[in-house]
Amino acid sequence: MKRRSANPTNWAETIAARQPMARSVADDVMAKLYSAFGDLKAGSTDDDLFDRLAAAINVGVVRAEQIDQACVAPMLAARDALIRCDDIRGRHGRYGFDGPGLLAMAVGLEVYEEMVRNSTPQQMREAMTASIARMRRQGAAEGAQQ
């Protein structure tokens, strides 16, 4: 005899996780990211905005690797632009981008938007989990070197 799941709607959750991201959810995610980018371009000092954008780009790098190598380069360029943006904050007290960084972030966000709109919530969660694991491994490796 088969055991029944404790939650009788698990099947619906499983199917939903394999559907493309809901348009309203993708719209909300991207509106927040484009707003954060705009604020950082304008010289914001809000670390939360930087962290939001950095987390998305890091997830985007992982998701790009899962999709195709052609998606990886723009995500890595956006990540490098954010590193330089953080350096600008360190030198000037405000976030900002250099010219190439502005372009790289704009393209990176376009690629990320396509990923969000055409990936399932499950795929994005898996990329986020892999991104977090990557950061933890990197942090542990840096800690071991000191």
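Each remark here, short or long, concerns the structure printed above.
Before going further, it helps to spend a moment on the overall build of the protein chain. The number of helices and strands found in the protein chain is 6 helices and 0 strands. In the protein chain, the order of α-helices and β-strands from amino to carboxyl end is α-α-α-α-α-α. Counting only C-alpha atoms, the protein chain reaches 65 × 40 × 30 Å along its principal axes. Evaluated residue by residue, the protein chain yields a buried proportion of 34% over its 146 residues. Looking at the protein chain alone, contacts between residues at least 24 apart form 69% of all its contacts between residues at least 6 apart. Here the protein chain has roughly 9200 Å² of accessible surface; of this, 53% comes from carbon and sulfur atoms. Charged side chains in the protein chain number 19 positive and 19 negative. The centres of these two groups are separated by 8 Å.

Turning our attention to a negative patch on the surface. The grouping of Asp39, Asp46, Asp48, Asp51, Asp86 and Asp87 at the surface amounts to a negative patch. Put simply, the parts of the chain that give the negative patch at least two residues each are α3 (47-67) and α4 (69-92). On the secondary structure map, Asp51 appears in helix α3. Residue classification places Asp51 among the partly exposed positions, given a relative accessible area of 45%.

So, on to the nonpolar core. Leu53, Met75, Leu82, Met105 and Tyr112 are the most contacted members of the largest nonpolar core, which totals 35 residues. Listing elements by their share of this core, those giving two or more residues are α2 (23-41), α3, α4, α5 (99-118) and α6 (121-145). Tallying contributions element by element places α3 first for this core, with 10 residues. Not counting the four nearest positions on each side in its chain, Met105 is found in contact with Phe37, Leu53, Ile57, Ala78, Ala81, Leu82 and Phe97.

Note that Asn118 resides in helix α5. With 35 residues separating them in the primary sequence, Asn118 and Ile83 have C-alpha atoms 27 Å apart. In terms of polar contacts, Asn118 uses its side chain to reach the backbone carbonyl oxygen of Glu114, at 2.9 Å.

So, about the packing of aromatic side chains. Under the defined criterion, the tally for this structure stands at 2 aromatic pairs. Taking the centre distance of 5.3 Å and the plane angle of 80° together, the rings of Phe37 and Phe97 count as edge-to-face. Placement of the pair is Phe37 in helix α2 and Phe97 in the loop between α4 and α5, with a sequence separation of 60 residues. For the pair Phe37 and Phe97, one class covers both residues: buried. For the ring pair Phe50 and Tyr95, a centre distance of 5.0 Å and an interplane angle of 5° mean the geometry is stacked. Residue Phe50 is located in helix α3, and its partner Tyr95 is located in the loop between α4 and α5; the two are separated by 45 residues in the primary sequence. One exposure class covers both Phe50 and Tyr95, and it is buried. The ring of Phe37 has Lys41 lying over it, and the distance from NZ or CZ to the ring centre is 4.6 Å.

This part is about the pattern of salt bridges. Working definition: two side chains of opposite charge can pair if their charged atoms are close together. Per the counting criterion, the structure on display carries 6 salt bridges. For Asp27, the salt bridge is made with Arg117, and the minimal N-O distance between the two is 2.7 Å. Separated by 90 residues along the polypeptide, Asp27 in helix α2 and Arg117 in helix α5 bring together distant segments of the chain. Arg117 is the partner of Glu113 in a salt bridge, and the nearest nitrogen-oxygen pair spans 2.9 Å. One end of the pair, Glu113, and the other, Arg117, are both in helix α5, 4 residues apart, so they sit about a helical turn from each other.

Thresholds, definitions, all that
- Residues numbered from 1 in each chain as written.
- Predicted model: local features only at pLDDT ≥ 70, side-chain atom pairs only at ≥ 80, totals over all residues.
- Heavy atoms only, no water.
- Helix = DSSP H or I, 4+ residues; strand = E, 2+ residues; numbered from the N terminus.
- Buried < 20%, exposed > 50% of the residue type's maximum accessible area, 1.4 Å probe, protein only.
- Contact = heavy atoms within 4.5 Å.
- Areas by Shrake-Rupley, 256 points an atom, 1.4 Å probe, with all protein chains shown as cover.
- Lys, Arg positive; Asp, Glu negative; His and termini not counted.
- Charge placed at Lys NZ, Arg CZ, Asp CG, Glu CD.
- Patch = residues over 30% accessible without salt bridge, like charges linked within 9 Å, V, L, I, M, F, W, Y side chains within 5 Å.
- Salt bridge = Lys/Arg side-chain N within 4 Å of Asp/Glu carboxyl O.
- Core = buried A, V, L, I, M, F, W, Y, C linked by side-chain atoms within 4.5 Å.
- Polar contact = N/O pair within 3.5 Å; in protein donor to acceptor, adjacent residues only side chain to side chain.
- Phe/Tyr/Trp six-rings, centres within 6.5 Å; stacked < 30°, edge-to-face > 60°.
- Lys NZ or Arg CZ within 6 Å of the ring centre and 35° of its normal.

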